[in-house]
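# Survey of secondary and tertiary structure
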Amino acid sequence: MQYWQYIVRRLLGVLVSLVGLSIIIFAVSRILPGNPARMALGPLATDEQVEAFAADMGIDQPVWMQYIQYMQGLLTGDLGMSLETRNQVLDDIIRHLPATIELITVAISFTIVLGIGLGILAAQHKDGHIDNATRMLAFATVSIPGFFLGILFQLIFGWFLGIMPITGRISREFRDEVTRETGFMLIDTLLSGSLAAHFDAWMHILLPALALSAAGIGQIMRITRSTMIDVQRKDYIEAERGFGLPNWLVVYKYTLKNAFVPVLTILGLLYASLLGNAFLIELVFNWPGLAEYGVNAVLSNDFNAVVGVVMTIGIAFVTVNFVVDLLLGRVDPRIQLERSGLT
Amino acid sequence: MSWEESVVDDPLLTIKDLTVDFESFDGIHKVIDGVSLSVGRGEVVAIAGETGCGKSVTMKAILRLLATADINGEMIYDGQDLQAMSDREFSMLKGREMSMIFQDPMSSLNPVFTIGEQLTDTAQFGGRGTTGVLEYLKRKYTGNGREEARQRAIDMLREVQMPDPEDVMESYPTQLSGGMCQRVLIAQALLNEPTMLIADEPGTALDVTIHDQILTLLKRLIEERDLSLLMITHNLGVAREISDRVYIMYGGRIVETAPTEDIFAEPKHPYTQGLIASIPRLTGGEMAKGIDGSVPEYLNPPNGCRYHPRCPYAYERCRSERPPMVEQGATTAVECVLYDQPSDTAREIPTIERTRQAMDGHPEAPQPTMESETDD
Ligand SMILES: Nc1ncnc2c1ncn2[C@@H]1O[C@H](COP(=O)(O)OP(=O)(O)OP(=O)(O)O)[C@@H](O)[C@H]1O
Ligand code: SF4
Ligand SMILES: [Mg+2]
């Protein structure tokens, strides 16, 4: 079996998940209570106005018609109009998404770098001081909820020490300097050529990203440590040492790659909880991301927007799992062989 | 000890009074308890004993692969004191001077790298423990010797009679059979042209025909490359087929050593006799019995001779003191009190016939004479 065959199989899996997801989301959005047209127009609108608006939105059609329209919309990227903002939902999402992606990407990078790094360190110094310290750290980060940690950070670094900004993505003085190009503040500030603004953006994202990644860092650290220790006891590691290979090569090449398998799997799962937690963190740090938009959409029964937000999260989740699967297939040939039923 | 290990004139490897203790929550496991042995240049020496008697631990202790164990004793390789070497110095010896074949072929290859990657790395960096990261990257990616190393690996695979070596280089261990993995491991062990090979039961995990092929291959390689071999096995038949000299190991001690022919012609230690008596004889018709009982535990090993709970000749003295190694000619020695008696108190000297009688429950068979069965 070639790697590309494995990829194609995985891609088919992705398609099936997405179709399933779209059906579920559609069903759920249509059983939200209340008349969306009425809620959009407010209590003062006349019944005629409400009916006209409903016809306009296509929500007076039978459900199966609505589903066909909805699927057509999904395939063409047309998610309809937001009942609340009166913008195209897709445009709204494209506007809010980069902030969230940026936050999550930085958080995941922290998780990977710190989690795996500290995990290796702990494994190399098993039962030593470093190991004990990281064990305490893991315990703390896993047991404290991220949003609470966020508030704690705000109090400590923003309020008492006053050295970090606590809300938003960039300080007011840079707001005019930086034009929106990609929507990613860390990139846009660079494009604007102002290093000060870039640094300012980092200062803004540091606390929310840390708060968001803390739990993951703890988990990844522990998983990395225990799998490293596990793998180090394997016959093949003993054999590699026996052949006189350099110690660092045995640890960082031959042991680490084996240890990556469970770590990657956990990372994929973590991503889902990260998306959920990001909503809370965004609210705490007043981060203008998808959370703000999504929460408003739910509260105002804006179902086109709800469908859009949920679909976006779903696609993100499925995509990440796809990428994790690809990496797993690369890291561990057994997974590729197994999942294709060849061994 | 009354016997100094000096069976070969010009030993390549000499081990004296090796002890290996493992500490656990229950206490100290004295697994290896004073093992002495030597391997001459170009000699093939077997260590034989039942499963769990400490063969693999001995080998791993020599190769410094037991990070958690407490190891004592003297180990001399080619005039150099192994204990005195730093880890760096030692890693330059591993793979290039002394190499090993591990016990389980299926689990001794890294599952997430291709055979080619593992062999090429071994060819390039095995026995070169001081290679740094930069040097590694340079050699691996700028082609600096990588292609030659790869070619060397392929040639070596051919030499161990691997079918389609080029394909095998691209395969992962899970795609190979046990016999093929075993051949890969032999190739890997020989890649850096060691002088001495320590082989831990190569082939025993495989079925009989493959096992035979592997032994034949090993014999050929030893001759062609003039290797010194320390062969670990629980199968006396293998020892007989391949070795010049045998050490019989029981409960973490060497209980007898002799040239291979002698040990089969005239085994002296009751345990050796028991082992030989239990080799199934295809011609004899009757199925041989194994020795009753099992290897001792190491947390509270039996006092005195560790074999006394199973020995048909045992008497008081066996329990009270560790028997000395008694010399029986230039190249033979046996660790049993029966060979160390003053001539007047003659107890019966064990023979294989009498031992077989004891195993078969013959009415006139030798019986242990102990005052009570409880150990102190
Ligand atoms: N790391 C360890 N810690 C504690 N005890 C150990 C350790 N390694 C081995 N032992 C003990 O040492 C004893 C001898 O083990 P060893 O693997 O040397 O046996 P062996 O003679 O190679 O047997 P086999 O023929 O089954 O391979 C066993 O009782 C085992 O439990
Ligand atoms: S006779 Fe005594 S010393 Fe000799 S093997 Fe038997 S128990 Fe051990
Ligand atoms: Mg063993």
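Higher on the page you've got the structure.
Quantities reported herein were computed from a predicted structural model and do not represent experimental measurements.

## Examining the overall build of chain B
Along its length, chain B carries 13 helices and 12 strands. Compactness check: chain B gives a C-alpha radius of gyration of 22 Å against a globular reference of 21 Å for 376 residues, within 12% of the reference. Here the C-alpha coordinates of chain B stretch approximately 75 × 50 × 45 Å along the principal axes. Scored against the burial criterion, the 376 residues of chain B give a buried share of 55%. Long-range contacts, defined as pairs at least 24 residues apart, comprise 66% of the intrachain contacts of chain B with a sequence gap of at least 6. Carbon and sulfur atoms form 49% of the exposed surface of chain B, whose accessible area is close to 16,400 Å². Treating the 35 positive side-chain charges of chain B as one cloud and the 61 negative ones as another, the clouds have centres 4 Å apart.

## Digging into helix H9 (residues 195-232) of chain A
Given 3.6 residues to a turn, an α-helix orients residues that are three or four positions apart in the same direction. Its 38 residues give H9(A) an end-to-end C-alpha distance of only 44 Å, which falls more than 12% under 56 Å, the value for a rise of 1.5 Å per residue. The principal kink in H9(A), of about 45 degrees, is found at A:Ser213.

## Some words on the site of ligand 1
Residues and elements named next belong to chain B. If you check the shell around ligand 1, you find Phe22, Val31, Thr51, Gly52, Cys53, Gly54, Lys55, Ser56, Val57, Gln103, Glu201 and Tyr298 and nothing else. Separating an oxygen atom of ligand 1 from a side-chain N or O atom of Ser56 is a distance of 2.7 Å. Protein burial of ligand 1: of its 630 Å² of free accessible surface, 64% is covered by the chains. For the shell around ligand 1, the element with the highest residue contribution is helix H1 (residues 55-62), accounting for three residues.

## Quick notes on the sheet that holds strand S6 (residues 98-101) of chain B
Residue and element names in this part refer to chain B. Ordered in space as S6-S7-S8-S3-S9-S10-S12-S11, the eight strands form an open sheet in which the pairing is mixed. Strand pairing shows two members of the sheet lacking a second neighbour, S6 and strand S11 (325-327), which therefore form its edges. Adjacent strand axes in the sheet meet at a mean angle of 20 degrees, parallel and antiparallel pairs treated alike. Sheet topology note: the S6/strand S7 (residues 196-200) ladder contains four bridges and is parallel. Considered in S7, the bridge of Ser99 is made with Leu197.

The rules behind these values
- Residues numbered from 1 in each chain as written.
- Chains lettered and ligands numbered in written order.
- Predicted model: local features only at pLDDT ≥ 70, side-chain atom pairs only at ≥ 80, totals over all residues.
- Heavy atoms only, no water.
- Helix = DSSP H or I, 4+ residues; strand = E, 2+ residues; numbered from the N terminus.
- Rg over C-alpha atoms; globule rule 2.2 N^0.38 Å.
- Buried < 20%, exposed > 50% of the residue type's maximum accessible area, 1.4 Å probe, protein only.
- Contact = heavy atoms within 4.5 Å.
- Areas by Shrake-Rupley, 256 points an atom, 1.4 Å probe, with all protein chains shown as cover.
- Lys, Arg positive; Asp, Glu negative; His and termini not counted.
- Charge placed at Lys NZ, Arg CZ, Asp CG, Glu CD.
- Expected span 1.5 Å × (residues − 1).
- Bend = angle between axes of the 7 residues up to and from the residue.
- Near = heavy atom within 4 Å.
- Polar contact = N/O pair within 3.5 Å; in protein donor to acceptor, adjacent residues only side chain to side chain.
- Pairing = 2+ DSSP bridges.
- Axes fitted to C-alpha atoms, helices over the stretch in contact; angles between N-to-C directions.

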